[in-house]
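Residue-level structural notes
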Amino acid sequence: MLALYGHPFSSYTWKALIALYANDTPFEFREVSPGEPANGAFVHQAHPAGKFPVLTDGGVTVVEATAIIEYLAVHHPGAAPLIPVEASIAATARMLDRVFDNYVMSDMQRVVAAHFVDRDNPGAGGMRDKPDAAEVDAGKRGLRRAYAWLERWLKGNLLPPHASLVSCAAAPSLFYADWVEPIPAECSKLAALRAELLALPAVSRCVEDARPYRAYFPPGAPDRD
Ligand SMILES: N[C@@H](CCC(=O)N[C@@H](CS)C(=O)NCC(=O)O)C(=O)O
């Protein structure tokens, strides 16, 4: 039986959950939260930085959301083309996965982390009275640059069909990034992609399951989505 360690409000947990939901893959969800210390302890020793999601499959442990999706595509395939069969489309999927993780998710997380006393360890030290303005600015600047790049890419290229590795990376990163730095009107293709992703059943399930936690979003969650 597969088990996924994570939290329903965590963007990287969504990334793995979307792949599991898209293929109706049976798994047990093990929430990492103060009420379940054994799950946190497992993640702490399983991941090199104690981060989630972490997947277990019998005696096999897989860390890093992208690697979890690659693992699912090989060992638990289903109807959803998580990794496109055609090698050139798979290469495009892997490139976009890096773009969404490194330039959308990371800069969104940078803005969120600017609200914590200890940016590298959000669980310790609590919240700052005021977010670190330089960090917030840097994160938002990075997001605007990534949005413009993605808009240009979407104008000239076709995305791999849903639900792929790209859908799994793009949905949570665009969902939360748009909360901290709204996608501007001139990036209409990117805004349309975000809406298209949120309409996928595997993604809307993550959105609904995370809804009770919105009050904990440090920059403040908007009254939409
Ligand atoms: N590179 C990791 C990033 C995972 C990550 O940043 N997870 C966050 C939750 S979204 C986390 O574990 N935060 C808690 C912590 O750092 O202690 C991946 O792709 O899986």
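Before reading further, recall that the structure is shown in the block above.
The rules we used
Residues numbered from 1 in each chain as written. Predicted model: local features only at pLDDT ≥ 70, side-chain atom pairs only at ≥ 80, totals over all residues. Heavy atoms only, no water. Axes fitted to C-alpha atoms, helices over the stretch in contact; angles between N-to-C directions. Helix = DSSP H or I, 4+ residues; strand = E, 2+ residues; numbered from the N terminus. Parallel < 35°, antiparallel > 145°, perpendicular 65-115°, else oblique. Contact = heavy atoms within 4.5 Å. Nonpolar A, V, L, I, M, F, W, Y, C, P; charged D, E, K, R; others polar. 1 Å grid on protein atoms, 1.4 Å probe; cavity = no way out; pocket = protein on both sides within 12 Å on 5 of 7 lines; lining within 4 Å. Points joined across faces, edges and corners; volume = space filled by probe spheres on them. Near = heavy atom within 4 Å. Polar contact = N/O pair within 3.5 Å; in protein donor to acceptor, adjacent residues only side chain to side chain. Areas by Shrake-Rupley, 256 points an atom, 1.4 Å probe, with all protein chains shown as cover. Sits in = over half its atoms within 2 Å of the grid points. Phe/Tyr/Trp six-rings, centres within 6.5 Å; stacked < 30°, edge-to-face > 60°. Buried < 20%, exposed > 50% of the residue type's maximum accessible area, 1.4 Å probe, protein only. Lys NZ or Arg CZ within 6 Å of the ring centre and 35° of its normal.

1. Quick look at the packing of helix H5 (residues 133–156) against helix H7 (residues 188–198)
Between H5 and H7, the least distance of the axes is 8 Å, while the angle of their chain directions is 85°. Taken together, the axes of H5 and H7 lie roughly perpendicular to each other. Residues Tyr 147, Leu 150, Glu 151, Leu 154 and Lys 155 of H5 pack against Ser 188, Lys 189, Leu 190 and Leu 193 of H7. Split by residue class, the contact of H5 with H7 holds 5 nonpolar, 1 polar and 3 charged.

2. Brief notes about the layout of surface pockets
Taken as a whole, the largest pocket encloses approximately 1600 Å³ of empty space. Ser 10, Lys 51, Phe 52, Gln 109 and Pro 122 are, among the 42 residues lining the largest pocket, the residues nearest its centre. For the lining of the largest pocket, the elements supplying multiple residues, two or more each, are helix H1 (11–22), helix H2 (37–46), helix H3 (65–75) and helix H4 (87–113). Sort the elements by how many residues they give to the lining of the largest pocket and H4 lands first, with 9 residues. For the lining of the largest pocket, the residue count by class is 20 nonpolar, 13 polar and 9 charged.

3. Thoughts on the site of the ligand
In the neighbourhood of the ligand, the contacting residues comprise Ser 10, Ser 11, Tyr 12, Lys 51, Phe 52, Pro 53, Glu 64, Ala 65 and Gln 109. One of the side-chain nitrogen or oxygen atoms of Lys 51 is found 3.1 Å away from an oxygen atom of the ligand. One of the backbone nitrogen or oxygen atoms of Phe 52 is found 2.8 Å away from a nitrogen atom of the ligand. Its free accessible area being 510 Å², the ligand has 77% of it covered by the protein chains. According to the grid-proximity analysis, the pocket containing the ligand is the largest pocket. Of the residues belonging to the shell around the ligand, the class tally is 4 nonpolar, 3 polar and 2 charged.

4. Thoughts on the packing of aromatic side chains
Per the stated rule, a full pass over the model turns up 12 aromatic pairs. Taking the centre distance of 5.0 Å and the plane angle of 40° together, the rings of Trp 14 and Phe 175 count as tilted. In this pair, Trp 14 sits in helix H1 while Phe 175 sits in helix H6 (residues 165–180), placing the two residues 161 residues apart along the sequence. Comparing Trp 14 with Phe 175 shows no difference in burial state: the two are buried. Taking 4.8 Å as the distance between ring centres and 50° as the angle between the ring planes, the aromatic pair formed by Phe 175 and Trp 179 counts as tilted. One end of the pair is Phe 175 and the other is Trp 179, both in helix H6 and 4 residues apart, which spans about a single turn. For the pair Phe 175 and Trp 179, a shared accessibility class is recorded, and that class is buried. Chaining the aromatic ring pairs together yields one cluster made of Phe 9, Trp 14, Phe 175, Tyr 176, Trp 179, Tyr 213 and Phe 217. The ring centre of Tyr 21 lies 3.7 Å from the NZ or CZ of Arg 205, which sits over that ring.

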